[in-house]
Amino acid sequence: DSTSFAVRVAPLGGTGLVLVLAEDQTERRRVEAVRRDFVANISHELKTPVGALSLLAETVADASDDPEAVRRFTGRMQQEAARLTSVIQDLITLSRIQGAEPMAEPDEIEIETVVEEALDAVRMAADSKEIELIASGTEGMVVMGDEGLLVTAMRNLVANAVAYSPERTRVSVSVGSTDTTVDISVADQGIGIPQQDLERIFERFYRVDAARSRATGGTGLGLAIVKHITTHHRGEVTVWSKEGSGSTFTLRLPRPETRERRRSAERTYR
Ligand code: ADP
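Residues numbered from 1 in each chain as written. Predicted model: local features only at pLDDT ≥ 70, side-chain atom pairs only at ≥ 80, totals over all residues. Heavy atoms only, no water.

### Observations regarding the environment of Ala 6
Now for step 1: Tracing the backbone through its elements, the reader meets Ala 6 in strand E1 (residues 5–12).
Now for step 2: Here the alpha-carbon distance between Ala 6 and Ala 104, two residues 98 residues apart in the chain, equals 38 Å.
Now for step 3: Sequence-distant contacts of Ala 6, defined by excluding residues within four places in its chain, comprise Leu 21, Ala 22, Glu 23 and Gln 25. (Helix = DSSP H or I, 4+ residues; strand = E, 2+ residues; numbered from the N terminus. Contact = heavy atoms within 4.5 Å.)

Here it is as structure tokens:
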């Protein structure tokens, strides 16, 4: 990408001098390109299921005297409608959360509740692949934040772990803490992520394997949502992965100050 400048020339009233302003356009052009790509991606993600729906509707109309075919095609129509709903829902979540200021008045949230809700949401999918879901270290852990958003982030991580793992494997959520952070990890024994894709998977609509992502019902927005929710909580998300052996995603959130820790900090200051 070449660097480009916008040059503005302004006479300085009555002095005979001119002011020359050179503004670097490179960053602005990059931001515009990202926005254009995003809109193109959205259009594609919406057009695909709508196109499928209208084709299926035609097919159903033609097959009206074959109840078995009608049943099959309307089933597929429901799947496409569900896909459309999840893309739209993810877009709404993303537009609410990206660029939002860190929370002004967060609530005290129990990690145990967040993890249980997220695991409940993927239990059926996990059972159908005989994937074992386990959680450890959640008891008594709290963070400051928004419960609904934290459940969304956690649900996206465990849903991916289940979607990108073969049958009869294990997905484990483990929670630990340091002096200043609460760390929630989701580990799977799945297909893993190639090293060269790792730094891009948090981008909106980025997929390692688009066909596979769509087949598992993915929208390509899940990890972008996770990243923005984590940032909104003043935390960070990291990933470790090895192709063929599995991935671990970790949410690192600020640890709330306990009364004792506040008191001991005050003592140190005195
Ligand atoms: P998607 O809806 O496609 O799952 P995400 O934003 O959640 O979108 O994830 C982006 C991509 O990262 C996925 O398409 C997939 O290629 C990869 N990915 C995410 N989580 C995992 C995982 N646990 N194991 C393997 N690949 C993963």
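### Here we look at the UniProt feature "domain: Histidine kinase" (unreviewed entry) in the protein
Now for step 1: UniProt annotation of "domain: Histidine kinase" (unreviewed entry) refers to residues 41–257 when read in the numbering used here.
Now for step 2: Annotated as residues 41–257, this span is 48% helix and 20% strand, and its ends, taken at the C-alpha atoms, are 42 Å apart. (UniProt positions renumbered as here; feature names shortened; annotations may be inferred.)

### Structural notes on the packing of helix H1 (residues 26–62) against helix H2 (residues 67–97)
Now for step 1: The N-to-C vectors of H1 and H2 enclose an angle of 160°; their axes lie 9 Å apart at closest approach. What the angle tells us is that H1 and H2 run roughly antiparallel. Between H1 and H2 lies a crossing whose hand is left-handed. (Axes fitted to C-alpha atoms, helices over the stretch in contact; angles between N-to-C directions. Parallel < 35°, antiparallel > 145°, perpendicular 65-115°, else oblique. Left-handed = near helix turned anticlockwise from the far one by under 90°.)

### Remarks on the site of the ligand
Now for step 1: In the region of the ligand, 20 residues are neighbours, and Asn 160, Tyr 164, Ser 213, Thr 219 and Gly 220 sit closest.
Now for step 2: Residue Gly 220 places a main-chain N or O atom 2.7 Å away from an oxygen atom belonging to the ligand.
Now for step 3: Contact between the ligand and Gly 222: an oxygen atom at 3.3 Å from a main-chain N or O atom of the residue.
Now for step 4: Of the residues assigned to the shell around the ligand, the class counts are 10 nonpolar, 8 polar and 2 charged. (Near = heavy atom within 4 Å. Polar contact = N/O pair within 3.5 Å; in protein donor to acceptor, adjacent residues only side chain to side chain. Nonpolar A, V, L, I, M, F, W, Y, C, P; charged D, E, K, R; others polar.)

### So, the pattern of salt bridges
Between side chains of opposite charge, a pair can form when the charged atoms approach closely.
Now for step 1: Applying the stated criterion across every chain, the model contains 12 salt bridges.
Now for step 2: The salt bridge partner of Glu 45 is Arg 207, with a shortest N-O separation of 2.9 Å. Of the two residues, Glu 45 sits in helix H1 while Arg 207 sits in the loop between strand E7 (181–187) and helix H5 (210–215), which places them 162 residues apart along the sequence.
Now for step 3: The network of salt bridges with shared partners includes Glu 45, Arg 83, Arg 207 and Arg 214. (Salt bridge = Lys/Arg side-chain N within 4 Å of Asp/Glu carboxyl O.)

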